[in-house]
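Structure at a glance
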4 protein chains.
Amino acid sequence: MSSQRYTYLGPEGTFAEAALLRIPGAKDAELPPSQTVPAALEMVRRGTADGALVPLENSVEGAVTTTLDEFASGEPLHITAEVLLPVSFALMAAAGTELDDIRTVGTHPHAEAQCRKWLAARLPRAKHLLSASTADAARSIAAGEGRFDAAIAAPLAAERYGLTVLATDVGDNLTAVTRFVLVRRPGPVAPPTGADRTTVVAWIADDHPGALLELLTEFAVRGVNLSRIESRPTGERLGHYCFSIDCEGHIADARLGEALSALHRICDEVRFCGSYARADGQPPQIRRGTTDGAFAAAEAWLASVRG
Amino acid sequence: MSSQRYTYLGPEGTFAEAALLRIPGAKDAELPPSQTVPAALEMVRRGTADGALVPLENSVEGAVTTTLDEFASGEPLHITAEVLLPVSFALMAAAGTELDDIRTVGTHPHAEAQCRKWLAARLPRAKHLLSASTADAARSIAAGEGRFDAAIAAPLAAERYGLTVLATDVGDNLTAVTRFVLVRRPGPVAPPTGADRTTVVAWIADDHPGALLELLTEFAVRGVNLSRIESRPTGERLGHYCFSIDCEGHIADARLGEALSALHRICDEVRFCGSYARADGQPPQIRRGTTDGAFAAAEAWLASVRG
Amino acid sequence: MSSQRYTYLGPEGTFAEAALLRIPGAKDAELPPSQTVPAALEMVRRGTADGALVPLENSVEGAVTTTLDEFASGEPLHITAEVLLPVSFALMAAAGTELDDIRTVGTHPHAEAQCRKWLAARLPRAKHLLSASTADAARSIAAGEGRFDAAIAAPLAAERYGLTVLATDVGDNLTAVTRFVLVRRPGPVAPPTGADRTTVVAWIADDHPGALLELLTEFAVRGVNLSRIESRPTGERLGHYCFSIDCEGHIADARLGEALSALHRICDEVRFCGSYARADGQPPQIRRGTTDGAFAAAEAWLASVRG
Amino acid sequence: MSSQRYTYLGPEGTFAEAALLRIPGAKDAELPPSQTVPAALEMVRRGTADGALVPLENSVEGAVTTTLDEFASGEPLHITAEVLLPVSFALMAAAGTELDDIRTVGTHPHAEAQCRKWLAARLPRAKHLLSASTADAARSIAAGEGRFDAAIAAPLAAERYGLTVLATDVGDNLTAVTRFVLVRRPGPVAPPTGADRTTVVAWIADDHPGALLELLTEFAVRGVNLSRIESRPTGERLGHYCFSIDCEGHIADARLGEALSALHRICDEVRFCGSYARADGQPPQIRRGTTDGAFAAAEAWLASVRG
């Protein structure tokens, strides 16, 4: 059997790679990194990768808009799995470097923003320099490029680039977490697990005030809870949006199916981006009258009165 | 071919009989009157009549609660037609009676309430006496019972009982109209005409505040307009209601079917009381995304993404 | 100090009189009966009575539409108290009458409808005859008019007319209750008790589909629960309604005040019909953010940001 | 009179500077650039600048999350004006450079993403290199740093750095526009112009499903339209958001005041970020019953019935 090939937002040693390694089967797969989220998803679209692991949102930074915009344009893609990765920053350097030696710290701008307090307290005199990614700062040190004395990156980066970890958990928010998703070409949807999430993109038909309220009402009236909703510009003009939505449940659920059908009716377009097991395993609270059984009974009743 | 047999809220000469005569085929049918609405509907339930013509609501008096309560209890019945009858009251008496001779006027309490201004202006000294129905006052005069000098009743009553009409349109509200319905045992529903009405009774599941709002939302979100909604006590306790509802459209319409299915899911019980052509022939305004075509397209889309 | 004068829906011995006697101070007042609800309220409007005790709704029969319609037309009136009276029917006759002697039973049509099972079981051969009120049947027996052998009426009627009670609780629904209200000319509203009810009539501005939904939303969004809402025809045409509404709380409550103001903005007319203590003493459930304190804090905040 | 001092997202020659120059009085003011949005707003908070001009959203890229997050944290700030600036990219180089000479083009990543089609068509062999800002690429060329042959930046950058414009409107989306806002320390709000916008941040109280729907309903029920709503993480955990909202109207408007008061009641916190004239001058559509006059009439009515 041919092995799988998964790409991720690289380079090697990123949080994305760390997240990917949590996907069952990833350890036996080929794992070529991609430079950007669009590049990773393009590999999937072209079939040069079976899947791509990319970040979707972060509890501190919010949505990864590049990822959201990729789902909303180009060939459709499906999310088939999600990974919640605690954002555990480590300070790393070449072997032999001591904390006192550090004059420059390299890392990605987002990481720098999330480690400022620690840096101010422990390395008050170090200059913060920016790199294209956290892993790239680590790579640069390992390559002896002389740009940084130390890097802030995922612990995995120290492992990948042979660096020494000088301090762990240097982030200011120790509960920070990033949600990554595994993205594939559309195919049969895996059956419900009982604790699922579904992602869609919806383009509102008439761009009238109240359109978002209508959209939310279609979910609420059928007892479908949303765990995330974000507006993204369509590019046409200010105030013209599409919505990226995560809802609790599976496309096979009657309530969710009817809610998405309703969206399809009232929207210009709805794009299904996958139903997949929630990483936190939390089942939805199901409101009275919205179980599959209730829908089936109602449909049977309707058929009987229609005669 | 055996002829039809329709009963109505009698006695002969009532507005109900006048309304029944507007039903196609009624003139060739046997038309036994019933004394009360429950008695008329009981004939239908037992099969001793093919249909019953009973009042449902009046533009001045409101709902006919006896009729509503009959739909909500006992064996289910279906409305198959409706008639809108202008309430045109006539003053009638035995041949030879002049306006000046009239000392007593008999009629039904509702009719008396609706003709007070005319009576005060034209027969200021006449006593108003109550009868069991407008037609019964006419009948009594014809029978020479000596209870009333004149009766206020439907023009048809004069015809039926051989009385002379002394004045027409003696009602204070010349636009008053009563809506009658033809009721039959449940059977196949006639196909949509494009301007239909559907009647249901719904028993709310949890008697919580906001339950009515939820019920209305199920219709509104699917673009189904209600033309009448009335609460009726269930008899259990104050504040415990069921709802009698008329909505625009036909049970065969996708939007109405889905709305009633939703009611079936969130209510303790929903009773379908018929889909039938509107007497006024007014088609519904159909909101974007709620046509049968939109529902079919959404269902096809859902099937495709479910795979 | 001059004593009070309260009228009620008579004649003497009705359930309305029984309810009136529960009003504090009624026993020391003059209590002239009225023949009809409109007549009773007219006495209040003209000042020939200080108050009138009339039925508003019954757990079996529903709203008393005559009363609702009186509130919606004519000079405004205020409800200042409510009484919940269990509908306890008694069978009564002249002294010496035995159950076996009873060939005819007189009572009001509503009472007759509510005692049919008992009558069928215990007096299967007795004829049911109708009277203008339950008390009038009792009066007729006491007067020796010979119309009925027995009457079904409130126990108070036996007392008032010197009849013997042959059986109590002859109603088929032993939990039946009627809600009566004491009505006065508008005046200062009594302060909140913490368990209050407020009655209003609202005429919807545009008679469009969804108008009722909008009206309910104005209450719901401010956490005001409705305990009763009924549509009544305006008389203009079928489908044109005003709404009679009971809501939990007092006009002095911030949430209720804002909700009624909202109704005033979106309706053609809103008529305030009184805030008064609930007979059941049940306080409202107050949703987060809808206390008077929350409204005051929000207003203070708004004033501060408005500068 | 001392002159004003406004900072902006620099360096000199950015779109932000171009936008700032459209603010009345800016040409006579001192205009020190800031390196980042947080730095610019910090100058305002500390009083070293009277105002800061920063981007809030872009019709192609969406919200500027750094700006949104600054409004939601730290000392409150008020928006006092907005500028809509068409995003008109120009290709510029040192005098004497011809299109055919260009091997490398420097610009900001967002600008690069928005000019790819033009670059592919007209400079298919040029390498795209990234700079910290569009203006910085222009500056680098003027400084002779040798990093880029040409820069893509705002036309103003060519002026500021003495470069030659080789091509204008090189963006792929010619309708792209950025919305900038002028931010000041809180002070008295300028009176309504009739075409105003108000910005707030709201932290939902209970993080329950349906909380966003409730929040939107508070606006909708009072006829206040939203022109933008965006969720931003609070940093506490995934799925915990605050909302950045632009609504039509002015804090002095009765409907908007009541809506924001309602938000204050149901939210943990609401932060007012200013009412200011809309750059497009478009007045709101005012729904029946939501004018200041309607609110004043309702309040007067309420006061009268409260007595």
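Conventions adopted
- Residues numbered from 1 in each chain as written.
- Chains lettered and ligands numbered in written order.
- Predicted model: local features only at pLDDT ≥ 70, side-chain atom pairs only at ≥ 80, totals over all residues.
- Heavy atoms only, no water.
- Helix = DSSP H or I, 4+ residues; strand = E, 2+ residues; numbered from the N terminus.
- Buried < 20%, exposed > 50% of the residue type's maximum accessible area, 1.4 Å probe, protein only.
- Contact = heavy atoms within 4.5 Å.
- Areas by Shrake-Rupley, 256 points an atom, 1.4 Å probe, with all protein chains shown as cover.
- Lys, Arg positive; Asp, Glu negative; His and termini not counted.
- Charge placed at Lys NZ, Arg CZ, Asp CG, Glu CD.
- Core = buried A, V, L, I, M, F, W, Y, C linked by side-chain atoms within 4.5 Å.
- Pairing = 2+ DSSP bridges.
- Least-squares fit on C-alpha atoms with pLDDT ≥ 70 in both.
- Axes fitted to C-alpha atoms, helices over the stretch in contact; angles between N-to-C directions.
- Buried area = accessible area lost by both parts, 1.4 Å probe.
- Salt bridge = Lys/Arg side-chain N within 4 Å of Asp/Glu carboxyl O.
- Polar contact = N/O pair within 3.5 Å; in protein donor to acceptor, adjacent residues only side chain to side chain.
- pLDDT = per-residue confidence, 0-100.

**A closer look at the overall build of chain A**
Of the regular secondary structure elements, chain A holds 10 helices and 15 strands. Considered along the principal axes of its C-alpha atoms, chain A spans approximately 85 × 50 × 35 Å. Evaluated residue by residue, chain A yields a buried proportion of 56% over its 307 residues. Put simply, of all contacts in chain A between residues at least 6 apart along the chain, 76% involve residues at least 24 apart. Surface exposure of chain A reaches about 12400 Å², of which carbon and sulfur atoms provide 51%. Charge centroids of chain A, computed over 29 positive and 38 negative side chains, lie 1 Å from each other.

**Digging into the nonpolar core**
Within the largest apolar cluster, 56 residues are counted, with the highest numbers of intra-cluster contacts made by Leu215(A), Phe219(A), Leu263(A), Leu215(D) and Phe219(D). Dropping the residues within four chain positions of it, Phe219(A) is found in contact with Val224(A), Leu226(A), Ile245(A), Cys247(A), Ala259(A), Leu260(A) and Leu263(A). If you look at the next biggest cluster of nonpolar residues, it comprises 55 residues, including Ile204(B), Tyr241(B), Val270(B) and Leu215(C).

**What to know about the pairing of strand 6 (residues 90–93) of chain C**
Residues and elements named next belong to chain C. On strand 6, burial covers both faces: Ala90 and Met92 on one face and Leu91 and Ala93 on the other are all buried. Two strands pair when backbone bridges link them, and strand 6 and strand 9 (residues 150–153) are joined in this way by 4 bridges, in the antiparallel orientation. Across the sheet, Leu91 pairs through a bridge with Ile152, a residue of strand 9. Across 4 bridges, strand 6 lies against strand 10 (residues 164–168) in antiparallel orientation.

**Notes on the relation of the copies chain C and chain B**
With an RMSD of 0.1 Å, the fit of chain C onto chain B corresponds to turning through 180 degrees and sliding 0.1 Å along the axis. Expressed as a symmetry operation, the mapping of one chain copy onto the other fits a two-fold axis. Taken as a fraction of all interface residues of chain C, those also at the interface in chain B reach 100%, which identifies the copy contact as same-surface.

**Some points on the relation of the copies chain D and chain A**
Each copy of the sequence occupies a distinct position, and chain D is placed on chain A by a rotation of 180 degrees and an axial shift of 0.0 Å, giving an RMSD of 0.1 Å. When the interface residues of chain D are mapped onto chain A, 100% of them are again interface residues, pointing to one common binding face.

**Things to note about the sheet that holds strand 10 of chain C**
Remark on secondary structure: sheet strands pair via backbone hydrogen bonds, oriented parallel or antiparallel. Residue and element names in this part refer to chain C. The 5 strands are arranged 8-7-9-6-10 in an open sheet whose pairing can be described as mixed. This sheet does not close on itself; its edge strands, each paired only once, are strand 8 (127–130) and strand 10. Across the sheet, the axes of successive neighbouring strands diverge by a mean angle of 30 degrees, strand direction being ignored. Of the strands in this sheet, strand 6, strand 7 (104–107) and strand 9 are in contact with helix 6 (residues 134–142), which crosses strand 9 at around 150 degrees.

**So, helix 8 (residues 211–220) of chain B**
Most of helix 8 of chain B is tucked away, with 8 of its 10 residues classed as buried. Regarding helix 8 of chain B, the residues found buried are Ala211(B), Leu212(B), Leu213(B), Leu215(B), Leu216(B), Thr217(B), Glu218(B) and Phe219(B).

**Regarding the interface of chain C and chain B**
Counting residues at the interface gives 31 residues for chain C, matched by 31 residues for chain B. Between chain C and chain B, roughly 2300 Å² of surface is buried when both sides are summed, and carbon and sulfur atoms account for 59% of that area. By the criterion of area lost to chain B, the three top residues of chain C are Ser59(C), Leu213(C) and Leu238(C), representing 25% of everything that side buries. Counting every contact that joins chain C to chain B gives 0 salt bridges. Counting every contact that joins chain C to chain B gives 12 residue pairs in polar contact (both at pLDDT 80 or more). Elements with a minimum of two residues in the side of chain C that touches chain B: strand 3 (51–58), strand 11 (177–184), helix 8 (211–220) and strand 13 (226–233) of chain C.

**Focus: the pattern of salt bridges**
Scanning the model with the defined rule gives 96 salt bridges over all chains in all. The partner of Arg222(D) in a salt bridge is Glu258(C), and the shortest N-O contact between them spans 2.8 Å. With Arg222(D) in the loop between helix 8 (211–220) and strand 13 (226–233) and Glu258(C) in helix 9 (residues 254–266), this residue pair bridges two chains. Comparing Arg222(D) with Glu258(C), the two get one shared label, buried. Across the pair Glu145(D) and Arg139(D) runs a salt bridge whose closest N-O atoms are separated by 3.0 Å. Glu145(D) gets classed as partly exposed once you look at its relative accessible area, which sits at 40%. Connected through shared salt-bridge partners, Glu218(A), Arg222(A), Glu258(A), Arg265(A), Glu218(B), Arg222(B), Glu258(B) and Arg265(B) make up one network.

**Regarding the interface of chain D and chain A**
Residue-level contacts link 31 residues of chain D with 31 residues of chain A. Interface area, chain D with chain A, both sides summed: about 2300 Å², of which 59% is carbon and sulfur. Linking chain D with chain A are 12 residue pairs in polar contact (both at pLDDT 80 or more). Secondary structure elements with two or more residues in the side of chain D that touches chain A: strand 3 (51–58), strand 11 (177–184), helix 8 and strand 13 of chain D.

**Re the arrangement of the chains**
One thing to see here is that chain A and chain C don't touch, and their nearest C-alpha atoms sit 13 Å from each other. What separates chain B from chain D at the closest point of their C-alpha atoms is a distance of 13 Å, and the two make no contact.

**Digging into the environment of Phe148(C)**
All names here are of chain C. Along the chain, Phe148 turns up in the loop between helix 6 and strand 9. Considered as a pair, Phe148 and Asp136 are 12 residues apart in the sequence and their alpha carbons are 11 Å apart. Those residues in contact with Phe148 that lie beyond four places of it in its chain are Thr104, Val105, Gly106, Leu129, Leu130, Ser131, Ala137, Ser140 and Ile141.

**Quick notes on the sheet that holds strand 15 (residues 267–277) of chain D**
Residues and elements named next belong to chain D. Read from one edge to the other, the open sheet built from 4 strands follows the order 13-14-12-15, with strand pairing classed as antiparallel. Two strands in the sheet have a free side with no partner beyond their single neighbour: strand 13 and strand 15. When strand polarity is set aside, the average angle formed by the axes of neighbouring strands in this sheet is 15 degrees. In terms of strand pairing, strand 13 meets strand 14 (residues 241–248) through 7 bridges, oriented antiparallel.

**Things to note about the pairing of strand 7 of chain C**
Moving residue by residue along a regular strand, the side chains alternate between the two faces of the sheet. All names here are of chain C. Residues of strand 7 alternate between two faces, with Thr104 and Gly106 on one and Val105 and Thr107 on the opposite face, all of them buried. The sheet contact formed by strand 7 and strand 8 spans 4 bridges and is parallel. Pairing of Gly106 across the sheet is with Leu129, part of strand 8. Here strand 7 pairs with strand 9 via 2 bridges, running parallel. Directly across from Val105, in strand 9, lies its bridge partner Ala150.

**What to know about the confidence of the model for chain A**
For chain A, per-residue confidence averages 95 on the pLDDT scale, and residues scoring 70 or more make up 99% of the total. At the level of chain-chain contacts, confidence expressed as ipTM amounts to 0.94, with global pTM at 0.94.

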